[in-house]
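# Results of the structural survey
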Amino acid sequence: MTGEPQADCLFCKIVSGDIPATVVRETDTTVAFRDISPQAPTHVLVIPKAHYPDAGSLAAAEPQIAADVLREAAAVAAGDKVDGTGYRIIFNTGSGAGQTVFHAHAHVLGGRGLNWPPG
Ligand code: AMP
Ligand code: ZN
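What counts and what doesn't
- Residues numbered from 1 in each chain as written.
- Chains lettered and ligands numbered in written order.
- Predicted model: local features only at pLDDT ≥ 70, side-chain atom pairs only at ≥ 80, totals over all residues.
- Heavy atoms only, no water.
- Near = heavy atom within 4 Å.
- Polar contact = N/O pair within 3.5 Å; in protein donor to acceptor, adjacent residues only side chain to side chain.
- Helix = DSSP H or I, 4+ residues; strand = E, 2+ residues; numbered from the N terminus.
- Nonpolar A, V, L, I, M, F, W, Y, C, P; charged D, E, K, R; others polar.
- Donors = N, O, S within 2.8 Å, 3.2 Å for Na, K, Ca; no water.
- Tetrahedral: all angles 85-135°; square planar, octahedral: opposite > 155°, others 65-115°.

Bringing the site of ligand 1 into the picture now. As a matter of local geometry, ligand 1 sits amid 16 residues, with Asp35, Asn92, Gly98, Thr100 and His107 nearest to it. Here an oxygen atom of ligand 1 and a side-chain polar atom of asparagine 92 are 2.9 Å apart. A distance of 2.7 Å separates an oxygen atom of ligand 1 from a polar atom in the backbone of glycine 98. Secondary-structure elements contributing two or more residues to the shell around ligand 1 are helix 1 (10-16) and strand 2 (30-34). When residues of the shell around ligand 1 are assigned to their parent elements, the largest contribution, three residues, is made by helix 1. Counted by class, the shell around ligand 1 contains seven nonpolar, seven polar and two charged residues.

What follows is the structure, encoded as structure tokens:
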């Protein structure tokens, strides 16, 4: 796995600008944009620009970029002012866990009560 863009990947198309998104933060290695179907007042996806199918494979191949994703997730929470009340960073991994887009992404959820354990 090299991280090269995949022609059939929705999030690679957001990285390239071929599909529009409401971008809230961008770095050399990451993009953060609002989820199209928000499940909380703050629901932002943080993705690496490089294509890896899930968080674990990203971390194995590019640990610094995995750290960038986590740092940006915290910055999104601070930017939306949900860091004080608490927020959740989620990496659904595998279809059985609800992953539908196989380009690694962190969900940042906040702005409402968050039950534990999640469903
Ligand atoms: P997951 O189910 O963990 O793979 O998360 C994929 C997320 O991508 C879902 O929460 C979708 O609502 C979101 N999503 C799908 N298409 C778009 C899009 N074009 N722009 C923003 N978010 C999207
Ligand atoms: Zn991709």
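That was the structure; now back to the text.
Moving on, we get to the coordination of the zinc ion (ligand 2). Coordination sphere of the zinc ion (ligand 2), protein contribution only: Cys9 (SG), Cys12 (SG), His51 (ND1) and His103 (ND1), at 2.1 to 2.3 Å. With four donor atoms in place around the zinc ion (ligand 2) and angles of 106 to 115 degrees between them, the coordination shape is tetrahedral. The sequence motif formed by the donor residues of the zinc ion (ligand 2) is C-x2-C-x38-H-x51-H. Taken as a pair, cysteine 9 in the segment before helix 1 and histidine 51 in the loop between strand 3 (42-48) and helix 2 (55-61) lie far apart in primary sequence, 42 residues in all.

Remember, this is a structural readout, not a statement about activity or role.
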